[in-house]
Amino acid sequence: MFIKLTTESELPSADEAKEFPCGEKTICVANVNGAYSAMDNVCLHRGGPLGQGMIEGGKVVCPWHGWAWDPKTGAADQNPGAKVAVYPLKIENGDVLVEI
């Protein structure tokens, strides 16, 4: 079931990430060259806030220790076995919907 996360106007600019509250979770939305992805906001390394990080080379880079996460697969460059959850995202009538 898709639920409303935010509005299209609140989405991050190109090559930026942003945090959005979603029930008990926080979701990181990344904009890589205009393609949006939604993933868990918590870095599995030490719990850093991914939505406060940078995007480099198409990856979301955690601001705490620099772990790089693929927003499409959730896999970490530093440890391919570590994966954050990735969620389906869609935009309808100006609303951004996520399936948790």
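For the structure, check the block above.
Below or above, wherever it landed, is the structure these notes cover. Not measured: the values here are computed from a predicted model.

### Remarks on the overall build of the protein
1) Next: If you tally the helices and strands in the protein, you get zero helices and ten strands.
2) Next: Helices and strands appear in the protein in the N-to-C order β-β-β-β-β-β-β-β-β-β.
3) Next: On C-alpha atoms alone, the protein measures out to a radius of gyration of 12 Å, which is about the 13 Å that the 2.2 N^0.38 rule sets for 100 residues.
4) Next: Summarising its shape, the C-alpha atoms of the protein cover approximately 40 × 25 × 20 Å along the three principal directions.

### So, unusual backbone geometry
1) Next: Even without being a glycine, Asn 33 presents a positive backbone phi close to 50°.
2) Next: Along the chain, Asn 33 falls in the loop between β3 (25-32) and β4 (35-40).
3) Next: For Asn 33, a relative accessible area of 67% translates into the label exposed.
4) Next: Here the phi dihedral of Asn 93 falls at roughly 50°; this positive angle occurs in a residue that is not glycine.
5) Next: Within the element layout of this structure, Asn 93 appears in the loop between β9 (89-92) and β10 (95-99).

### A look at a nonpolar patch on the surface
1) Next: Side chains of Met 1, Ile 3 and Ile 100 sit close together on the surface and give an oily, nonpolar patch of about 320 Å² of accessible area.
2) Next: Mapped onto the fold, Ile 3 is located in strand β1 (residues 2-7).
3) Next: Judged by its relative accessible area of 31%, Ile 3 is partly exposed.

### Structural notes on the pattern of salt bridges
1) Next: The full count for this structure, using the stated rule, is five salt bridges.
2) Next: Across the pair Lys 18 and Glu 10 runs a salt bridge, and its minimum N-O distance is 3.6 Å.
3) Next: Between Lys 90 and Glu 92 there is a salt bridge, with the nearest N and O atoms lying 3.4 Å from each other.
4) Next: Judged by relative accessible area, which is 31%, Lys 90 ranks as partly exposed.
5) Next: A residue is classified by how much of its surface remains accessible, and Glu 92, at 38% relative accessible area, is partly exposed.

### Description of the pairing of strand β2 (residues 16-22)
1) Next: Strand direction decides the pairing type here: β2 and β3, joined by seven bridges, are antiparallel. By the bridge assignment for β3, Lys 18 is matched with Val 29.
2) Next: What sits between β2 and β3 in their antiparallel hairpin is a turn of two residues, with Gly 23 showing a positive phi close to 60°.

Thresholds applied
Residues numbered from 1 in each chain as written. Predicted model: local features only at pLDDT ≥ 70, side-chain atom pairs only at ≥ 80, totals over all residues. Heavy atoms only, no water. Helix = DSSP H or I, 4+ residues; strand = E, 2+ residues; numbered from the N terminus. Rg over C-alpha atoms; globule rule 2.2 N^0.38 Å. Buried < 20%, exposed > 50% of the residue type's maximum accessible area, 1.4 Å probe, protein only. Patch = residues over 30% accessible without salt bridge, like charges linked within 9 Å, V, L, I, M, F, W, Y side chains within 5 Å. Areas by Shrake-Rupley, 256 points an atom, 1.4 Å probe, with all protein chains shown as cover. Salt bridge = Lys/Arg side-chain N within 4 Å of Asp/Glu carboxyl O. Pairing = 2+ DSSP bridges.

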